[in-house]
Amino acid sequence: MPQLTEPANLPNPPFNTTGLVFANTTLRQTIHVTAPSSRIRLRISNAFGTTSLPITAATIARPANGAPGTSAIDTSSVKTLTFSGSPSFTIPNGALVVSDPIDFDIKAQTELTISLFLQSGQVGNDITSHPGSRTTSFMTFGNQVSAANLTGQVQSVAHWYFISTLDAWVPTSISTVAIVGDSITDGRGSDTDRNNRWPDLLLARLQSSGDAFLKNLAFANQAAGGNRILADGLGPNAIGRFDRDVLSQPGVRFSMIFEGVNDIGVAAATTADQQAIGDTVIAAYKQLILRAHAAGLPMFGATITPFSAPGFNASIQPYSSAVREATRQRVNDFIRSGGWFDAVADFDAVVRDPAAPSQLKAEFNSGDFLHPNVAGYTAIANAFPVKIFKDFADGVDGWA
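Below you will find a few notes about this structure. (Residues numbered from 1 in each chain as written. Predicted model: local features only at pLDDT ≥ 70, side-chain atom pairs only at ≥ 80, totals over all residues. Heavy atoms only, no water.)

### Examining the sheet that holds strand β1 (residues 3-4)
Strands sit in the order β1-β14-β17 across an open sheet of 3 strands; the sheet is antiparallel. At either margin of the open sheet sits one strand with a lone partner, and together these are β1 and β17 (160-161). Sheet topology places strand β14 (residues 128-130) next to β17; 2 bridges connect them, and they run antiparallel. The residue of β17 that forms the bridge with H130 is W160. (Pairing = 2+ DSSP bridges. Helix = DSSP H or I, 4+ residues; strand = E, 2+ residues; numbered from the N terminus.)

Take a look at the structure:
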């Protein structure tokens with residue numbers, strides 16, 4: 001999911017100078033594939049750039065040993081990307097470019113390496129990225145998009161820059177599940193270069209299920225750390241990005257939202273403010289459901305998971321508050337029984353501590369009392385009610 005890059009997530013010098021980023025730089029980044037295909041294309045985004053983004057050269061390849069987060073590639077697999085027939089393309093500010101399709105066999109749960117070369121770099125320091133990649137990316141000077149490994153002044157970061165979506169030509173039997181989420185869906189608390197966010201683990205579960213229908217589900221993880229439903233923050237608000245991240249994506253047949261914790265947590269811990277934010281979050285859910293239904297898509301909701309420290313100690317977890325907890329419970333009651341969502345994944349029930357329902361189970365706490373750890377993400381994936389995909393395989397009435 002494209003976001004505006006915060007200053008702390010910009011590359012370090014010498015790849016970042018005052019008023020210029022990635023001059024004469026090759027970026028090498030790996031992504032996790034969720035659908036099989038023999039024909040693919042890449043979307044590169046300049047959604048938050050205030051100046052043009054000049055892409056000089058780009059390639060796709062398999063990473064060495066099929067590993068995520070590596071700077072080495074299998075050179076026998078390298079394919080050069082073109083854009084409207086040209087190896088280069090200058091993307092206007094706020095826009096994206098789609099590469100010409102290439103023949104390239106991919107499988108679900110495998111990795112792809114994308115290498116981009118920017119000869120002149122991008123002017124300014126407002127650039128597009130996804131900081132929560134949970135995957136190591138690499139950069140060096142010179143055009144090395146087809147090199148077996150990067151050499152020279154190589155640096156690494158756990159962010160993605162500019163890459164947005166991999167489009168795959170698939171049979172109509174394959175469907176995409178688009179998940180709108182925040183840092184929990186983005187994988188905060190998971191392991192770098194292990195692809196163990198909860199959607200990754202759910203994909204792995206479905207791929208090993210032996211069920212042909214479930215194996216034909218691909219996933220678009222449209223999550224951003226700190227994201228809110230109602231206000232911009234780390235990434236545009238969920239209502240504002242729903243068209244871009246769900247409705248305009250090819251092949252989407254199921255939509256889901258797992259957000260609200262940051263709306264509740266950022267709002268002041270007063271009865272009046274929490275009443276207002278709870279009311280508005282519920283109203284926003286209804287709007288998103290109506291928009292999904294208008295496109296014939298079912299909308300699934302996930303309950304908001306616990307975010308309080310013991311004793312509601314805000315010095316340990318700033319969101320901790322008995323008043324905020326009451327809002328979480330009220331919003332979750334709407335998700336479960338409000339009658340608006342087509343189906344519900346009760347993540348709260350999976351990871352909460354039965355003896356202290358405002359808290360995560362100790363074995364699922366990543367340490368900040370907000371984000372689950374890998375054990376928690378595994379529990380969420382294993383408990384996901386996968387039957388709902390079959391229940392809504394034919395979509396919904398546009399006026400439902």
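### Quick notes on the packing of helix α6 (residues 271-294) against helix α7 (residues 322-337)
At a minimum axis distance of 10 Å, the contact between α6 and α7 shows a crossing angle of 25 degrees. Here α6 lies roughly parallel to α7, going by the angle between them. Two packed elements cross with a definite hand, and for α6 against α7 that hand is right-handed. Here T271, Q274, Q275, I277, G278, D279, V281, I282, Y285 and K286 of α6 lie close against α7, whose contacting residues are V323, R324, T327, R330, V331, F334 and I335. A breakdown of the residues in the contact of α6 with α7 according to their chemical character gives 8 nonpolar, 5 polar and 4 charged. (Axes fitted to C-alpha atoms, helices over the stretch in contact; angles between N-to-C directions. Parallel < 35°, antiparallel > 145°, perpendicular 65-115°, else oblique. Left-handed = near helix turned anticlockwise from the far one by under 90°. Contact = heavy atoms within 4.5 Å. Nonpolar A, V, L, I, M, F, W, Y, C, P; charged D, E, K, R; others polar.)

### Here's the deal with the sheet that holds strand β16 (residues 155-157)
Pairing within the open sheet is antiparallel, and its 6 strands lie in the order β8-β7-β12-β4-β15-β16. Each edge of the open sheet is held by one strand with a lone partner, namely β8 (73-80) and β16. For this sheet the average axis-to-axis angle between neighbouring strands, irrespective of direction, equals 25 degrees. Here 8 bridges tie strand β4 (residues 25-32) to strand β12 (residues 111-118), and the two strands are oriented antiparallel to one another.

### As for helix α4 (residues 238-247)
Listed in full, the buried residues belonging to α4 are A238, R241, F242, D245 and V246. Buried residues of α4, viewed axially, fall in a sector of 140 degrees; they line one side. Tucked inside the fold, the buried residues of α4 contact β19 (175-181), β20 (217-223), β21 (252-258), α6 and β22 (299-302). Its side-chain oxygen at 3.3 Å from the backbone nitrogen of I239, N237 defines the N-terminal cap of α4. (Buried < 20%, exposed > 50% of the residue type's maximum accessible area, 1.4 Å probe, protein only. Arc of directions from axis to C-beta. Polar contact = N/O pair within 3.5 Å; in protein donor to acceptor, adjacent residues only side chain to side chain.)

### Describing the side chain of H130
By the secondary structure assignment, H130 is in strand β14. Under the relative-accessibility criterion, H130 is labelled buried at 3%. A polar side-chain atom of H130 sits 2.8 Å from a polar atom in the side chain of D186. In contact with H130, not counting residues within four places along its chain, are M1, Q3, H159, W160, D186, A223 and A224.

### Concerning the pattern of salt bridges
Scanning the entire structure with this criterion turns up 17 salt bridges. The partner of D346 in a salt bridge is R336, with the nearest N and O atoms 2.8 Å apart. Residue D346 is found in the loop between β23 (343-345) and α8 (347-351), and its partner R336 is found in helix α7; the two are separated by 10 residues along the sequence. The class for D346 is partly exposed, based on a relative accessible area of 25%. Here R352 ties to D348 by a salt bridge, and the two come within 2.8 Å at their closest N and O atoms. (Salt bridge = Lys/Arg side-chain N within 4 Å of Asp/Glu carboxyl O.)

### Some thoughts on the packing of aromatic side chains
Going through the model one piece at a time under the given rule, you end up with 18 aromatic pairs. The interplanar angle of 25 degrees and the centroid separation of 4.5 Å between the aromatic rings of F15 and F141 together place this pair among those described as stacked. Here F15 is found in the loop between β1 and β2 (16-17), whereas its partner F141 is found in strand β15 (residues 137-141), with 126 residues between them in sequence. The exposure class assigned to F141 is partly exposed, which follows from its relative accessible area of 28%. A centroid spacing of 6.4 Å and a plane angle of 50 degrees characterise the contact between Y161 and F162, whose relative ring orientation is tilted. Given a relative accessible area of 0%, Y161 falls into the buried group. Overall, F162 belongs to the buried group, its relative accessible area being 1%. The structure contains a cluster of three or more aromatic residues connected by ring pairs, namely W198, F254, F258, F300, F347, F384, F389 and F392. Geometry around W169 places R39 over its ring, the cationic atom sitting 6.0 Å from the centre. (Phe/Tyr/Trp six-rings, centres within 6.5 Å; stacked < 30°, edge-to-face > 60°. Lys NZ or Arg CZ within 6 Å of the ring centre and 35° of its normal.)

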